Protein chains: 2
Amino acid sequence: MRLLLISNSTNAGEAFLAYPQRELASFLAGVSEVLFIPYAAVTFSYEEYLLKVQARFRALHITVRSVHRESNPAQAVRQAQAVVVGGGNTFALLGRMQQEGLIAAIRERVEEGMPYVGWSAGSNVACPTIGTTNDMPIVEPASFFALRLIPFQINPHYTDEVLQGHAGETREQRILEYIEANPSMYVVGLREGSILRLEGDALSLIGSRPMRVFRQGESPRELSSGEDLSFLLR
Amino acid sequence: MRLLLISNSTNAGEAFLAYPQRELASFLAGVSEVLFIPYAAVTFSYEEYLLKVQARFRALHITVRSVHRESNPAQAVRQAQAVVVGGGNTFALLGRMQQEGLIAAIRERVEEGMPYVGWSAGSNVACPTIGTTNDMPIVEPASFFALRLIPFQINPHYTDEVLQGHAGETREQRILEYIEANPSMYVVGLREGSILRLEGDALSLIGSRPMRVFRQGESPRELSSGEDLSFLLR
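Okay, so let's go over this structure. Quick caveat, the model's predicted, so the values are computed rather than measured.

### A few points about the overall build of chain A
Then step 1. Regarding its fold elements, chain A presents 7 helices and 11 strands.
Then step 2. Taking 17 Å as the expected radius of gyration for a compact globule of 234 residues, we find that chain A reaches 17 Å, a close match to that expectation.
Then step 3. Its C-alpha atoms give chain A principal-axis dimensions of roughly 45 × 35 × 35 Å.
Then step 4. A separation of at least 24 residues holds for 69% of the contacts in chain A among residues at least 6 apart in sequence.

Below, the structure written as structure tokens:
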């Protein structure tokens, strides 16, 4: 399997998909067209989202089609060279993917070797479930079960920062609740500016910041680019 | 109906349930025993949660029983003088309430006039759905449908603050997504330190901070204590 799972599309103060640009070019080398899944868009249209992604992929000399323009989205997945799943609201994204029959279609193709790129919500739906999303549950998907392209959970936009004077849970507290309720699962807190790349059975972290790994009964630990991550795939 | 819906149990730097103490005493005047619902607890036990609430309600001269000690939780609701639903993880809370048959039992009793107190997740489950929770979806409830004691949604712990340099959605952006996906619904952003009290058909905001009201197609507006909130009940 070939996966590029990006924490966030846009670092604060930078252009859309700017920091992952070099990694996208390397990961998608040889691909001339990708199929985009825009279903995480809620407050802007699928068409607007497509135009934004097209503008960015033009620099990579890659054409972008979008499933929202296709009469048969699952069939479009079966014929795609690569799939790119954009961020936004994870519940809206997963619900629509389920409705359109994209879960099975994407899994099959990715297992055959089709490259998969996701950022934010698009990285969350690559996990077994969407149980580690940060998003508001604005719509109810058929279930929380997602693509399960990897056997662990990602928390995108992972942050150590807390709002001063605010009594709500910190991100770490939320993940500690998750592992308490799901004791067999690893959770990777993927900080902004970070990417996980899977090539076959080789998983690597790309970026200058470590990721934070959580599992019930273990102390959270920090792992940096270059360290062995194979335990996450067992 | 009689409802006391509290944004958060604990303001930063204060004791548990300290700021709502006077309002709890007024709302529960004449009640000698409440039934506590501790199901939102995830990283601590229901028993620990009960002890914490008992300690606080002792000052009000009110005994606290908890449904987790009852062999028939729904029956305990039918016999309760008042129900108190604690905060924690909203998904865990709603899922367990559904499993134990508490949704119908609580609704019936509240419609008959039994006082209902909730804070944080306990205020969220009083809404039509849990679609405006801030919590991580660590477990999947049978559905997002909740008690529907009020016809609008509350976002507890509402905050205007943003993490500097973080690219994730602000709270307002998340609610704007919600109203886009749910265009007929009002959402009340209930800031920390704030309480909504319903007595029959009179809804009032208690606290020094305004609440922020959102609806699709309308500009968000700030409403303060003393202002007419009856439009939310239509």
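### Concerning the interface of chain B and chain A
Then step 1. Every contact between the two is made by 44 residues of chain B and, on the other side, 44 residues of chain A.
Then step 2. Counting each side, the surface lost to burial between chain B and chain A is near 3400 Å², with a carbon and sulfur contribution of 63%.
Then step 3. For the pair chain B and chain A, the number of links is 2 salt bridges.
Then step 4. Here Arg174 of chain B ties to Asp135 of chain A by a salt bridge, and the two come within 3.5 Å at their closest N and O atoms.
Then step 5. Linking chain B to chain A there are 14 residue pairs in polar contact (both at pLDDT 80 or more).
Then step 6. Listed by contribution, the elements that provide at least two residues to the side of chain B that touches chain A are strand 6 (153–158) and helix 7 (171–181) of chain B.
Then step 7. Among the residues forming the side of chain B that touches chain A, the class breakdown is 18 nonpolar, 17 polar and 9 charged.

### Thoughts on the sheet that holds strand 4 (residues 83–85) of chain B
All names here are of chain B.
Then step 1. As summarised here, the arrangement of the 7 strands in space is 3-2-4-5-1-8-9, forming an open sheet in which the pairing is mixed. Edge positions in the open sheet fall to strand 3 (63–66) and strand 9 (202–206), since each of these has one partner strand only. Direction aside, the axes of adjacent strands within the sheet are offset by 20° on average.
Then step 2. Across 5 bridges, the pairing between strand 8 (residues 195–199) and strand 9 is antiparallel. From the neighbouring strand, Leu196 faces strand 9, where its bridge partner is Leu205.

Cut-offs applied
Residues numbered from 1 in each chain as written. Chains lettered and ligands numbered in written order. Predicted model: local features only at pLDDT ≥ 70, side-chain atom pairs only at ≥ 80, totals over all residues. Heavy atoms only, no water. Helix = DSSP H or I, 4+ residues; strand = E, 2+ residues; numbered from the N terminus. Rg over C-alpha atoms; globule rule 2.2 N^0.38 Å. Contact = heavy atoms within 4.5 Å. Buried area = accessible area lost by both parts, 1.4 Å probe. Salt bridge = Lys/Arg side-chain N within 4 Å of Asp/Glu carboxyl O. Polar contact = N/O pair within 3.5 Å; in protein donor to acceptor, adjacent residues only side chain to side chain. Nonpolar A, V, L, I, M, F, W, Y, C, P; charged D, E, K, R; others polar. Pairing = 2+ DSSP bridges. Axes fitted to C-alpha atoms, helices over the stretch in contact; angles between N-to-C directions.

No statement about biological role is implied by the geometric values presented.
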